[in-house]
Amino acid sequence: MTIGRALKIGQRLLINSTSPILDTEVLLSYVLDCARTNLITKSKLGLNYRQLVKFLYLILKRRLNWPVAYLVGCKEFYGRNFVVNKDVLVPRPASELLVEETIDLVKRLANQQNYVIEIGTGSGCIAISLMFALPQTKIIATDISSSALKIARLNAKNYKINHQLEFIAGDMLTPLLEHKNCLMDSLIIANPPYLLPSEITKTLRFEPKIALLDGAGSLNWYKKLFSQIAGLTPTNRPRALILEINPLTSDSLVTLIKNILPLCQVDVKNDLSGFKRILTVSLAKNNE
Ligand SMILES: C[S@@+](CC[C@H](N)C(=O)[O-])C[C@H]1O[C@@H](n2cnc3c(N)ncnc32)[C@H](O)[C@@H]1O
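Residues numbered from 1 in each chain as written. Predicted model: local features only at pLDDT ≥ 70, side-chain atom pairs only at ≥ 80, totals over all residues. Heavy atoms only, no water.

Section: the nonpolar core
Residues Ile-117, Leu-176, Tyr-222, Phe-226 and Leu-243 are the most contacted members of the largest nonpolar core, which totals 35 residues. The leading source of residues in this core is helix α11 (residues 220–230), at five residues. Excluding its chain neighbours within four sequence positions, the residues that come into contact with Ile-117 are Ile-140, Leu-176, Cys-182, Leu-183, Ser-186, Leu-187, Ile-188 and Ile-189. By size, the runner-up hydrophobic cluster in this structure holds 30 residues, among which are Leu-98, Val-99, Leu-109 and Ile-278. (Core = buried A, V, L, I, M, F, W, Y, C linked by side-chain atoms within 4.5 Å. Buried < 20%, exposed > 50% of the residue type's maximum accessible area, 1.4 Å probe, protein only. Helix = DSSP H or I, 4+ residues; strand = E, 2+ residues; numbered from the N terminus. Contact = heavy atoms within 4.5 Å.)

Here is the structure:
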């Protein structure tokens, strides 16, 4: 079978995907180990038997809604490729805004904050992107999932920055509480599991539940984080939090913060589609 014919068959089999052409091209270029842009010029060349079987196998998995990123083992985020597998969330373009807001704030603070701490790093795509953009900044990335941290460490190693970035396993701020000096004056950033159960579609079922859903309710994750911060003495508190949020729960989230950290300042920013997406919380030192 020629490459041109394989592309046509793939697209037809993926007609129910939201992006049949792109998916087919990405899967075929992965199988042939060539750039997607070269497929057209090579369209008259043939696939060998092994390539054809592998291509059709991947197409069939995609038909069952497997994310393309898991099938090819990587995903682009903020201009770089990251290794992904079923233990980590597939990085989302929406989270690039969190990277940009963090870079912005660090620059505005002239790097006067202590650490930048990412809670729930998954593949490490956000922390690693920040490390490249802010090489002078001390960054710690944590996750409750040790299998996710394995992938994050692998990505940092692939980019040869594993000695600059610190990865710590644990729940929320708990592993950092023993090192209070790292929390003091830090920036805490996160895009936590924030979907509502009603938002889990069949296309999301391959990603780790712990990355998508907060079992105890969609605001529980934030509630625990704010309560941990409220429990710190004012001098040990972070300077600010930058959080990616679910637009559907943004108003209740602002009310929740104001209840737990009454003196903080809250700023909500929209994403490019006009949805409330980023919440920046500035903490006053005398917040009780
Ligand atoms: C929505 S994913 C984001 C992953 C990554 N930052 C990204 O953008 O691809 C949320 C991450 O938080 C982690 N997580 C969930 N609950 C946690 C907790 N209590 N403490 C630390 N990490 C947690 C999950 O394992 C998952 O990797």
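Once the structure has been displayed, the description carries forward.
A look at the site of the ligand
Around the ligand, 21 residues are found, and the nearest of them are Asp-143, Asp-171, Met-172, Asn-191 and Ala-211. Here an oxygen atom of the ligand sits 2.6 Å away from a polar atom, N or O, in the side chain of Asp-143. For the ligand, a nitrogen atom lies 3.2 Å from a polar atom in the side chain of Trp-221. Its free accessible area being 600 Å², the ligand has 95% of it covered by the protein chains. Residues of the shell around the ligand, tallied by class, amount to twelve nonpolar, six polar and three charged. (Near = heavy atom within 4 Å. Polar contact = N/O pair within 3.5 Å; in protein donor to acceptor, adjacent residues only side chain to side chain. Areas by Shrake-Rupley, 256 points an atom, 1.4 Å probe, with all protein chains shown as cover. Nonpolar A, V, L, I, M, F, W, Y, C, P; charged D, E, K, R; others polar.)

Looking at the layout of surface pockets
Rolled over the atoms, a probe as big as a water molecule pinpoints where empty space is left. In this structure, the second largest pocket encloses a volume near 220 Å³. Contributing to the lining of the second largest pocket are Pro-93, Ala-94, Glu-96, Leu-97, Glu-100, Asn-270, Asp-271, Leu-272, Ser-273, Phe-275 and Arg-277. Considering every element that reaches the lining of the second largest pocket, the biggest residue donor is helix α5 (residues 96–108), with three residues. Looking at side-chain class alone, the lining of the second largest pocket contains five nonpolar, two polar and four charged residues. (1 Å grid on protein atoms, 1.4 Å probe; cavity = no way out; pocket = protein on both sides within 12 Å on 5 of 7 lines; lining within 4 Å. Points joined across faces, edges and corners; volume = space filled by probe spheres on them.)

Digging into the domain arrangement of the chain
Here the chain is described as being made up of domain 1 (3–64) and domain 2 (86–282). Each of domain 1 and domain 2 has a C-alpha centre, and these two points are 36 Å apart. (Domains from an automatic or database assignment.)

Some points on the pairing of strand β7 (residues 240–244)
Among the five residues of β7, five are classified as buried, and the element is accordingly described as predominantly covered. What you see with β7 is no split at all: Ala-240, Ile-242 and Glu-244 on one side and Leu-241 and Leu-243 on the other are buried throughout. Taken together, the four bridges between strand β6 (residues 187–190) and β7 define a ladder with parallel strand orientation. Within β7, the position partnered with Ile-188 by the bridge is Leu-241. Bridge analysis of β7 against strand β9 (residues 276–282) gives five bridges, and the strand direction is antiparallel. Residue pairing for β9: Leu-241 is matched across the bridge by Val-281. (Pairing = 2+ DSSP bridges.)

Here's the deal with unusual backbone geometry
With a phi close to 50 degrees, Tyr-78 is a non-glycine residue in the positive phi region. By the element assignment, Tyr-78 lies in the loop between β1 (74–77) and β2 (80–83). With phi around 65 degrees, Asp-185 is a residue other than glycine that occupies positive phi space. On the secondary structure map, Asp-185 appears in the loop between α9 (180–183) and β6.

Considering the packing of helix α2 (residues 20–32) against helix α3 (residues 49–63)
With their axes 10 Å apart at the nearest point, α2 and α3 run at an angle of 145 degrees to one another. When you trace α2 past α3, the crossing you get is right-handed. Seen from α2, the contacting residues are Asp-23, Thr-24, Leu-27, Leu-28, Tyr-30, Val-31 and Leu-32; seen from α3, they are Gln-51, Lys-54, Phe-55, Leu-58, Ile-59 and Arg-62. A class-by-class count of the residues in the contact of α2 with α3 yields eight nonpolar, two polar and three charged. (Axes fitted to C-alpha atoms, helices over the stretch in contact; angles between N-to-C directions. Left-handed = near helix turned anticlockwise from the far one by under 90°.)

Section: the sheet that holds β9
Spatial ordering of the open sheet is given by β5-β4-β3-β6-β7-β9-β8, a layout of seven strands whose pairing is mixed. With one partner strand each, in any of the chains shown, β5 (165–169) and β8 (265–270) form the two edges of the open sheet. Across the sheet, the axes of successive neighbouring strands diverge by a mean angle of 20 degrees, strand direction being ignored. Relative to β9, β8 is paired through six bridges, and the arrangement is antiparallel. Bridging across to β9, Gln-265 finds its partner in Ser-282.

Structural notes on the packing of aromatic side chains
Going through the model one piece at a time under the given rule, you end up with seven aromatic pairs. Judged by centre distance (5.8 Å) and plane angle (55 degrees), the rings of Phe-82 and Tyr-159 are tilted. Note that Phe-82 is positioned in strand β2 and Tyr-159 in the loop between α7 (146–158) and β5, a separation of 77 residues in sequence. Arranged with centres 5.6 Å apart and planes meeting at 80 degrees, the rings of Phe-132 and Tyr-159 form a pair that is edge-to-face. Here the residue Phe-132 occupies a position in helix α6 (residues 125–133), and Tyr-159 occupies one in the loop between α7 and β5, the gap between them amounting to 27 residues. Note on Phe-132: relative accessible area 31%, which makes it partly exposed. On the basis of relative accessibility, which here comes to 24%, the residue Tyr-159 falls in the partly exposed class. Three or more aromatic residues joined by ring pairs form one cluster here, namely Phe-77, Tyr-78, Phe-82, Phe-132 and Tyr-159. The ring of Trp-66 carries the charged tip of Lys-61 above its face, separated from the ring centre by 4.1 Å. (Phe/Tyr/Trp six-rings, centres within 6.5 Å; stacked < 30°, edge-to-face > 60°. Lys NZ or Arg CZ within 6 Å of the ring centre and 35° of its normal.)

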